[in-house]
Amino acid sequence: PGVGSGTNPLQTVALFQNREDVWRIIGGATVQVDVFSSDDGTSKVKLLGNFGADSFDQRNTILSPNALFFEPADGLPGTSINAATTNLNWNAGTGAVWSYTPKGNAFRSALSGGLTYESVDLDSVYVTGQNLNASQQNVDSGAAISTTENRLRTKDAGLYAQEELAFLDDQLSVLGGLLGERSSLNGDTGKYNLYPKVAAVYSVIGSKDKTSMLAQNFDSLRVRAAYGEAGNRPNYGQKFTPLNATTNIDGNAGLVFGNRGAAGSIGDPGIEPERQREFELGVDTATKDQRVAAEITGYQRNISNLLLQRALATSTGFTTQFLNGGGMRNRGVEAALQVRPLNIKSVDWTSRATFTLNRSDITDLPVPAFDITVAGFGENLGAFRIQKGKSATQIGATIW
């Protein structure tokens, strides 16, 4: 008997074929060379290098014979698919580190810098044959043959510099750095986007502090502060207006916008990464016997240049457009507590608890409020709504 939409699961299991072969190789290498060391040991220089590669190859041969109950539903009984995907990801980096500690040990310094490069090359080819001749498995036995190829290539390059300083017998640590990144995903592929960062950690209990009440009861008590910026790159293809191949223009080959001539999206040739700026303050501590350890962090994260997709008037010939615009703010608290109420020879009892709180707000939106219907439990139950002055996680009745 048929089950569901005219299918017979026993017949499907017996006749349907999906043969898959996957080959994957992942490898990496690192090298470190000490190129200089001063006679007094105060200065050292070392060179660093790394390389990694991930090669992936997948082959699928799918056969859905004419005899399967659901095959005649589309008027083309029998389907054969030959699919192949190859993907090669690799990255390389080189850098140098200069460590310096003066004889008086007044401070310690570590200056580092380097270059990074990443490459992604993905190619998927699908050949589909339908209305098979006598259930022959080869795709060329189908009366209707279609081919699809998806290619994705990205290249990312970066350079960085970072300085770390330690003072007061390592009681105070300060860090500052600058990262520059460019990507083929951005509209301007030659532009380096700069992302600075600074951080400081102060240990209230110094390494030489042995007599104070804090030192006698606590193993560590640190105060932390940090500021940093980061970027979120656009997705592949968002800067292009896609052109798809077709053979249906008076029987001749041609190119059309969108899928099978339907209106599609307009790319933004000047698209840029989202920019995230975050500032945080925190405290962490642990008792001398390690029975209690706690930490708490408060943060504010501002995101600008949001990557949006807005709806267009149908008179434009397109449905949507990618663009940068709008801003969002997140404020929150993260806390953790660990206690060991019982620690004897035969029993070690440890309990941990965490607490997180985040509140978001859409601070700027250059387009009207819109719903995200691709995530959630169905449009009839509501949708995530992006609206200026409201939370980014609010759920409301679907806008029609």
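Residues numbered from 1 in each chain as written. Predicted model: local features only at pLDDT ≥ 70, side-chain atom pairs only at ≥ 80, totals over all residues. Heavy atoms only, no water.

Once that is clear, we can look at the pattern of salt bridges. Applying the stated criterion across every chain yields a total of 14 salt bridges. In this structure, the salt-bridge partner of aspartate 54 is arginine 24, at a minimum N-O distance of 2.6 Å. Of this pair, aspartate 54 sits in strand 2 (residues 43-64) while arginine 24 sits in strand 1 (residues 17-37); the two residues are 30 residues apart in sequence, bridging distant segments of the chain. Residue class for arginine 24 comes out exposed when judged on its relative accessible area of 52%. Note that arginine 275 is salt-bridged to glutamate 229, the shortest N-O span being 2.6 Å. With a gap of 46 residues between them, arginine 275 in strand 12 (residues 274-287) and glutamate 229 in strand 8 (residues 218-232) connect regions that are remote in the sequence. Of the two residues, arginine 275 and glutamate 229, neither departs from the other in class, the shared state being buried. Connected through shared salt-bridge partners, Arg222, Arg224 and Asp284 make up one network. (Salt bridge = Lys/Arg side-chain N within 4 Å of Asp/Glu carboxyl O. Helix = DSSP H or I, 4+ residues; strand = E, 2+ residues; numbered from the N terminus. Buried < 20%, exposed > 50% of the residue type's maximum accessible area, 1.4 Å probe, protein only.)

Taken in spatial order, the three strands line up as 11-15-14 in an open sheet, and their pairing is mixed. The open sheet terminates on both sides in strands that have one partner only, identified here as strand 11 (265-266) and strand 14 (307-311). The sheet contact formed by strand 11 and strand 15 (residues 320-324) spans two bridges and is parallel. From the neighbouring strand, isoleucine 266 faces strand 15, where its bridge partner is glutamine 321. (Pairing = 2+ DSSP bridges.)

Our focus in this paragraph is the environment of leucine 47. You can see leucine 47 is positioned in strand 2. Classification of leucine 47 by relative accessible area gives partly exposed; the value is 40%. Sequence spacing of leucine 47 and glycine 75 is 28 residues, and the spatial spacing of their C-alpha atoms is 65 Å. If we ignore the near neighbours within four places in the chain, the residues touching leucine 47 are Val31, Gln32, Val33, Val35, Gly95 and Ala96. (Contact = heavy atoms within 4.5 Å.)

Considering all chains together, one arrives at five aromatic pairs under this definition. Judged by centre distance (6.1 Å) and plane angle (35 degrees), the ring pair of phenylalanine 51 and tryptophan 90 falls under tilted. Here the residue phenylalanine 51 occupies a position in strand 2, and tryptophan 90 occupies one in strand 3 (residues 79-100), the gap between them amounting to 39 residues. The partly exposed category is assigned to phenylalanine 51, whose relative accessible area is 41%. The exposure class of tryptophan 90 is partly exposed, given its relative accessible area of 29%. Three or more aromatic residues link up through ring pairs in this structure, and these residues are Trp98, Tyr100, Phe107 and Phe167. (Phe/Tyr/Trp six-rings, centres within 6.5 Å; stacked < 30°, edge-to-face > 60°.)

What follows is about the sheet that holds strand 1. Reading across from one edge, 1-2-3-4-5-6-7-8-12-13-16-17 is the order of the 12 strands in this open sheet, with antiparallel pairing throughout. Of all the strands in the sheet, just strand 1 and strand 17 (348-364) have a single pairing partner and so form its edges. Going across the sheet, the axis of each strand differs from the next one's by a mean of 10 degrees, ignoring polarity. Pairing analysis gives 22 bridges linking strand 3 to strand 4 (residues 107-132), with the strands arranged antiparallel. Following the sheet pairing, alanine 96 is matched in strand 4 by glycine 113. (Axes fitted to C-alpha atoms, helices over the stretch in contact; angles between N-to-C directions.)

Both strand 13 (residues 292-304) and strand 16 (residues 327-343) contribute to a ladder of 13 bridges, which runs antiparallel. What sits directly across from valine 292, in strand 16, is valine 339. When strand 16 meets strand 17, the two strands line up antiparallel, connected through 15 bridges. Bridge pairing in strand 17 links alanine 336 to threonine 354. Between strand 16 and strand 17, which pair antiparallel one after the other, the connecting turn spans four residues.

Where strand 7 (residues 193-203) and strand 8 come together, seven bridges link them in antiparallel fashion. Directly across from valine 198, in strand 8, lies its bridge partner tyrosine 227. Of the strand pairs in this sheet, strand 8 and strand 12 are connected by 14 bridges, and their pairing is antiparallel. Bridging across to strand 12, phenylalanine 218 finds its partner in threonine 287.

So, on to the side chain of glutamine 11. Secondary-structure assignment places glutamine 11 in helix 1 (residues 9-15). Among the polar contacts made by the side chain of glutamine 11, one reaches the main-chain carbonyl oxygen of alanine 67 at a distance of 3.0 Å. Residue contacts for glutamine 11: discarding those within four places in its chain leaves Phe16, Ala67, Leu68 and Phe69. (Polar contact = N/O pair within 3.5 Å; in protein donor to acceptor, adjacent residues only side chain to side chain.)

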